[in-house]
Each structure stands twice: as structure tokens, then as C-alpha cells.
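Each chain is listed here by its residues.
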Amino acid sequence: GAGVSQSPSNKVTEKGKDVELRCDPISGHTALYWYRQSLGQGLEFLIYFQGNSAPDKSGLPSDRFSAERTGGSVSTLTIQRTQQEDSAVYLCASSWGQSQPRSGNTIYFGEGSWLTVV
Amino acid sequence: AQSVTQLDSHVSVSEGTPVLLRCNYSSSYSPSLFWYVQHPNKGLQLLLKYTSAATLVKGINGFEAEFKKSETSFHLTKPSAHMSDAAEYFCVVAAPSGGSYIPTFGRGTSLIVHP
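Cut-offs used in this document
- Residues numbered from 1 in each chain as written.
- Chains lettered and ligands numbered in written order.
- Predicted model: local features only at pLDDT ≥ 70, side-chain atom pairs only at ≥ 80, totals over all residues.
- Heavy atoms only, no water.
- Helix = DSSP H or I, 4+ residues; strand = E, 2+ residues; numbered from the N terminus.
- Rg over C-alpha atoms; globule rule 2.2 N^0.38 Å.
- Buried < 20%, exposed > 50% of the residue type's maximum accessible area, 1.4 Å probe, protein only.
- Contact = heavy atoms within 4.5 Å.
- Areas by Shrake-Rupley, 256 points an atom, 1.4 Å probe, with all protein chains shown as cover.
- Lys, Arg positive; Asp, Glu negative; His and termini not counted.
- Charge placed at Lys NZ, Arg CZ, Asp CG, Glu CD.
- Salt bridge = Lys/Arg side-chain N within 4 Å of Asp/Glu carboxyl O.
- Pairing = 2+ DSSP bridges.
- Axes fitted to C-alpha atoms, helices over the stretch in contact; angles between N-to-C directions.
- Disulfide = S-S within 2.5 Å.
- Buried area = accessible area lost by both parts, 1.4 Å probe.
- Nonpolar A, V, L, I, M, F, W, Y, C, P; charged D, E, K, R; others polar.

The secondary structure content of chain B amounts to 0 helices and 12 strands. Its helices and strands taken in sequence order, chain B reads β-β-β-β-β-β-β-β-β-β-β-β from the N to the C terminus. For chain B, the C-alpha radius of gyration of 14 Å lies close to 13 Å, the compact-globule estimate for 115 residues. Taken over the C-alpha atoms alone, chain B extends approximately 45 × 30 × 20 Å along its principal axes. For chain B, the residues scored as buried account for 45% of the 115 residues in total. In chain B, of all internal contacts separated by at least 6 residues, the share reaching a separation of at least 24 is 58%. For chain B, the accessible surface area stands at approximately 5,200 Å², while carbon and sulfur atoms represent 52% of it. Positive and negative charge centroids in chain B, built from 8 and 7 side chains respectively, lie 7 Å apart.

Attention now moves to the pattern of salt bridges. Residue and element names in this part refer to chain B. Applying the stated criterion across every chain yields a total of 6 salt bridges over all chains. Salt-bridge contacts for D8 lead to R22; the nearest nitrogen and oxygen are separated by 3.0 Å. Taken together, the residues span a long stretch of sequence, with D8 in the loop between β1 (2-6) and β2 (10-14) and R22 in the loop between β3 (19-21) and β4 (23-27) at a distance of 14 residues. The class for R22 is partly exposed, based on a relative accessible area of 31%.

Residue and element names in this part refer to chain A. Ordered in space as β1-β3-β8-β7, the 4 strands form an open sheet in which the pairing is antiparallel. Edge positions in the open sheet fall to β1 (5-7) and β7 (65-69), since each of these has one partner strand only. If you compare each strand with its neighbour and ignore which way they point, the axes differ by 15° on average.

Turning our attention to the state of the cysteines. All names here are of chain B. Tallied over the entire structure, the rule returns 2 disulfides over all chains. Shown here is the disulfide that connects C23 with C91, its sulfur atoms set 2.0 Å apart. Across the S-S bond of C23 and C91 the torsion is about -70°, and the bridge reads as left-handed. A residue pair is termed long-range when its members are at least 10 positions apart, and C23 in strand β4 and C91 in strand β10 (residues 87-94) qualify at 68 residues. Note on C23: relative accessible area 0%, which makes it buried. By relative accessible area, which is 0% here, C91 ends up buried.

In this section: the interface of chain B and chain A. Taken together, the 24 residues of chain B in the interface contact 24 residues of chain A. Taken together, the two surfaces of chain B and chain A that pack against each other cover about 2,100 Å², and 54% of this comes from carbon and sulfur. Area buried by chain B at its contact with chain A is led by Y101(B), I102(B) and F105(B), which between them contribute 25% of it. Counting every contact that joins chain B to chain A gives 0 salt bridges. Those elements giving two or more residues to the side of chain B that touches chain A turn out to be β5 (32-38) and β6 (44-50) of chain B. Of the residues belonging to the side of chain B that touches chain A, the class tally is 11 nonpolar, 10 polar and 3 charged.

The analysis is restricted to geometry; functional conclusions fall outside its scope.
The structure is reproduced here in C-alpha cells:
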């Protein structure tokens, strides 16, 4: 597609339920990122994919959070047993992937999935 | 390791006056630097980026930023603010490291434009 697509755009879920958030990156982009943005906060890095592998998942806040990417394209972020503190906007981004230093790969963001845990 | 500090959480200006949003960075490698803008309830849009070419970078909507290595700064400026510039602005630093390339975001600066 023309841009990064995320779904659902809005999700309200009950505490304790599992949720899945989907990201369709720009076609051909090998790098994919998940960030979280809480109200009034900056962007918190969650996980980075290069192709289907995740060389850096250091930002996942707990073992309730997991992500996968298949076919080097679509990614799913899963939050199990959701808690109220998980309420945030989850942003997905993609880029051409690691390149030579100084090449300045631009990261393109989706509109985000707004998650509310009640 | 890399980090970025946006020195002001809020900046308030009058329409038609200059804008200055300050950003300092730290990086173990020669970094790429970006500014993104986020309007309310919208995604992030790239304003401009520095990738080691010209140190003065021009972006969209009249914004520009100057890379100053000696000061480790990448401040964003605009000569004359418009009401539509009111938004959240994020400074971002990124450099390849250990097989990864993970941009680090500042906490953001909220630009308020008064009529």
C-alpha cells in the first residue's frame, strides 16, 4: 500500500482480555518498528524487526507483550491479560532497513491503534 | 548508545513570530537526525532530516534545522509561525548499531500558537 496501515484504529477492551494489533508496512520495507505513546508522553520503543526476525525486543514492557512478523511483511502485536496501564496509542512504523551509516533511513508511521483498557 | 533531549516541553508564540524548538542529542556514531510533527489525534509526519550532507536542512511548511556537531544540537526553526503549526514536535536520533537501527525519540515539544 501507499502507507503504513494499522488496525484496529480504536479498540476498547476489558481488563484481563487479550488484544491483537495489526500492522501492514509499506511494501518492500524490511524494517518494522512498534512504539507506544501514552497520554502526554513521548514515544517508547517496543520492538524492532528486520525481516521476520526481531534483533531487538528490549522495549517490550513485560512477558504479556509479544510480537511476530510473517513473510517479511505484516506484523501483529499481542497483549495478553491487558491491564489499565496498557492503555495507549500503539504506533507501527517501517523503513528500508539498516543501511550504511549516515544514510538516514526515514521511518514512516501509521496512524496508530488507540487502545483503551477498562 | 544514543539519546535525545528536547529542552522545552512547551513553546508558546504569537502568530507571525519566529519559532525555535531546541534539541540536543548524544550518539556513539555519526547519527541521522529527524524532526517529526504530530497534530492532535494524527500520526507522525516527517518534517525534515539530516544525513551528513548540508548542515542546514530545509523541510516542509517553511521549517528548517541546523546540525551543529560542536554543540550536539539540531534545533528546529521557522521564521513566522502559523496557526496551523500548533502541534507536538519530536526530535529523533538514529544510528546503526550492532545490526540494528532504532530511532530514539525525544519527549516532544508542544508548540502553541496564539492569534
